[in-house]
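Residues per chain, in single letters:
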Amino acid sequence: MEKKQKVRAIFQVGAWLAFIMLGYLGLRSYRFSVEKLKTNACKEEVSELASNIQFAFRNQRSYGEFNYTQAVNINVIPKRMFREGFREATNSYMGGIDFFYSSFGKELPNSAFEISFQGVSSYACIELVKMNWDSTDLIAVAGYSVPTPSGVLDEIYPSTKQDEIKSRNIFKGDEAPYAPIDRLEEICDCDGDSCSVVWKFH
C-alpha cells in the first residue's frame, strides 16, 4: 500500500511538472507569435511610408527640409499609425517614428530621406534590418540598441561601398539581407523594446 502511494505521489509530481512545462512553452509560443505579428506590421508600415513619401515628392528634385511635422501635414503617415492614447504616430511596437531629409551624394543634399522606428524589440530590429526590399530605393539601413532618430545616415550614399563603412551597425541596402546573424544580434542587443532601426531611401 505504501509503495502504491509513493508511485502515485511521483506520478502526480510528474504530471504537475509536465503541466507547468507545457504552460511555459505555450506562453513562449504565444509571445513569439505576437512578436512576429508586430514585426510584420512594422515591415508593412515602413514600406507604406517610404512609398507614400516618394509619391508625394515625385515631381520635385529635392525633399527640402522634410521632417515629422511635414510628414503629418502632407498626409504620408497611414491613419492607423495614429493610435488612441498617443499624441503622435507610432509603429506597431508603440515606439516613435521619425523622418529627416538626407543627402544622395556630396553634391546632392536633401535628395534622399530617412525613416526611423524606435522602441522595437531585439527580434524586430534584426528582422527589420535584414528586410529584403527587392528594389534599389533603399540606400542603407542601420540597427541600434538605443533610441536613435533619423539623420544618422546622411553621409552614406549609393556610391558608398560596404567595406568603406566603419560603423558595424550600418549596412548598404543590397548587403543588409545577407548580414551575418551574429553581427545583427550584437547591434540589436537591447533591453526590452528599446532598439531602433533607421532606413535611408532616395
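Residues numbered from 1 in each chain as written. Predicted model: local features only at pLDDT ≥ 70, side-chain atom pairs only at ≥ 80, totals over all residues. Heavy atoms only, no water.

## Observations concerning a negative patch on the surface
A cluster of acidic side chains, namely D163, E164, D174 and E175, defines a negative patch on the protein surface. Of note, E175 is situated in the loop between β4 (170-172) and α4 (181-187). Residue classification places E175 among the partly exposed residues on the basis of a relative accessible area of 37%. (Patch = residues over 30% accessible without salt bridge, like charges linked within 9 Å, V, L, I, M, F, W, Y side chains within 5 Å. Areas by Shrake-Rupley, 256 points an atom, 1.4 Å probe, with all protein chains shown as cover. Salt bridge = Lys/Arg side-chain N within 4 Å of Asp/Glu carboxyl O. Lys, Arg positive; Asp, Glu negative; His and termini not counted. Charge placed at Lys NZ, Arg CZ, Asp CG, Glu CD. Helix = DSSP H or I, 4+ residues; strand = E, 2+ residues; numbered from the N terminus. Buried < 20%, exposed > 50% of the residue type's maximum accessible area, 1.4 Å probe, protein only.)

## Considerations on the pairing of strand β3 (residues 138-144)
Note on strand geometry: in a regular strand, side chains alternate between the two faces of the sheet. Extensive coverage of β3 is indicated by the burial of seven of its seven residues. Where β3 lies against β4, three bridges are found, and the strand directions are antiparallel. Considered in β4, the bridge of V141 is made with F171. (Pairing = 2+ DSSP bridges.)

## Describing the packing of aromatic side chains
Scanning all chains against the criterion turns up ten aromatic pairs. Ring geometry for F57 versus Y63: centroids 4.9 Å apart, planes at 55 degrees, classification tilted. Looking at Y63, the relative accessible area reads 9%, which means it is buried. Aromatic pair W133 and F201: ring centres 5.0 Å apart, planes at 75 degrees, arrangement edge-to-face. Placement of the pair is W133 in the loop between α3 (122-129) and β3 and F201 in strand β5 (residues 195-201), with a sequence separation of 68 residues. Per residue, the accessibility class of W133 equals that of F201, and both read buried. The ring of F55 carries the charged tip of R58 above its face, separated from the ring centre by 3.8 Å. (Phe/Tyr/Trp six-rings, centres within 6.5 Å; stacked < 30°, edge-to-face > 60°. Lys NZ or Arg CZ within 6 Å of the ring centre and 35° of its normal.)

## A closer look at the nonpolar core
Counting 41 residues, the largest nonpolar core has I53, I77, F99, I115, F117 and W199 as its most contacted members. Those elements that place two or more of their residues in this core are α1 (2-56), α2 (68-73), β1 (97-102), β2 (112-120), α3, β3, α4 and β5. Excluding residues that lie within four positions of it along the chain, I115 makes contacts with V46, L49, A50, I53, D98, F99, S150, V197, V198, W199 and F201. (Core = buried A, V, L, I, M, F, W, Y, C linked by side-chain atoms within 4.5 Å. Contact = heavy atoms within 4.5 Å.)

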